[in-house]
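Here is what each chain is made of, one letter per residue.
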Amino acid sequence: MSENNSVNGTATSTPITSPFLKTLVQQIRAQDSYGFYRSWSDELILKPFVVTKKKKREISVEGEVDPATILRINAFFRAVASSVEKETGLISHVVVDLGHEGFGWALVFSGRLLLAVKTLRDAHRYGFDSLEKLNEEGEQFVQKGIDLAKRFPEVGNI
């Protein structure tokens, strides 16, 4: 890797300014117990989340879901939970249930309140067209979770 954390020196160094993307990077770095990502830029850490439609077609859905893909799914929903928790003060948890065929769901909940639900299909191909789409979907989950937590705070505290 070069000094700008890219292969072949082609990385752009646009700073990540979105609160959701910053939280997502924090979640990934928090799980990095060996310091593998210590010298990586935020953009490089988020790069595996961007999977173009062409690349998705190339990914086989046969066999087990790649462990790195499962970690990305978990990190995304942990970032949603963390963002909701920061805003509402309700402790949020994540459950991802994924079968070996790539089907399942992700749940973000607080107490008995379900803050976010996502049905996962073809998890082998999990990703977003761009960082903007990643941020947009993450922010939508966060906003819906915050709205629910504010509407039903007593259920979130059970």
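Placed above this text is the structure.
To start, this report covers the structure provided alongside it. Throughout this document, residue positions are counted from 1 along each chain, in the order its sequence is written. Local features in this predicted model are restricted to residues of pLDDT 70 or higher, and side-chain atom pairs are both shown and tallied only at a pLDDT of 80 or more, whereas totals for entire chains, interfaces and linings draw on every residue. In computing side-chain values, all of the structure's heavy atoms are included and hydrogens and water are not.

What follows is about the packing of aromatic side chains. Aromatic pairs are defined between Phe, Tyr and Trp rings, using the six-membered ring for Trp, whenever the two ring centres lie within 6.5 Å; interplanar angles under 30 degrees are classed as stacked, those over 60 as edge-to-face, and all others as tilted. Scanning all chains against the criterion turns up 10 aromatic pairs. Taking 5.2 Å as the distance between ring centres and 80 degrees as the angle between the ring planes, the aromatic pair formed by Phe36 and Tyr37 counts as edge-to-face. Owing to a relative accessible area of 54%, Phe36 belongs among the exposed residues under this scheme. A 1.4 Å probe rolled over the protein chains alone gives each residue an accessible area, and that area as a share of the maximum for its type sets the label: buried under 20%, exposed over 50%, partly exposed in between. Of the residues examined, Tyr37 reaches a relative accessible area of 25% and is grouped as partly exposed. Relative to Tyr126, the ring of Phe76 has its centre 6.4 Å away and its plane inclined at 70 degrees; by these criteria the two rings are edge-to-face. Separated by 50 residues along the polypeptide, Phe76 in helix α4 (residues 67-88) and Tyr126 in the loop between β3 (113-120) and α5 (131-151) bring together distant segments of the chain. Every helix listed is a DSSP run of H or I at least four residues long, and every strand listed is a run of E at least two residues long, numbered separately from the N terminus.

What follows concerns α4. Every α-helical turn comprises 3.6 residues, leaving residues that sit three or four positions apart pointing alike. Spanning 22 residues, α4 covers 31 Å between terminal C-alpha atoms, matching the ideal 32 Å at 1.5 Å per step. One or two steps after α4, the chain reaches Gly89, where phi turns positive at roughly 85 degrees. Take the residue count of a helix, subtract one, and multiply by 1.5 Å to get its expected span.

What follows deals with unusual backbone geometry. A positive phi angle, near 55 degrees, is found at Asp122, a position not held by glycine. Note on placement: Asp122 falls in the loop between β3 and α5. Asp122 sits in the partly exposed class, given a relative accessible area of 23%.

The next thing to look at is the sheet that holds strand β1 (residues 93-98). Taken in spatial order, the three strands line up as β1-β2-β3 in an open sheet, and their pairing is antiparallel. A single partner strand is all that each edge strand has here, and the edge strands are β1 and β3. Direction aside, neighbouring strands of the sheet carry axes that sit 15 degrees apart on average. In this fold α4 packs onto β1, β2 (104-110) and β3, with an angle of close to 155 degrees to the strand it touches most, β1. Should DSSP find at least two bridges between two strands, the strands are taken to pair. The axes are straight lines fitted to the C-alpha atoms, using for helices just the contacting stretch, and the angles between their N-to-C directions are given from 0 to 180°. Contacts: residue pairs with any heavy atoms within 4.5 Å of one another.

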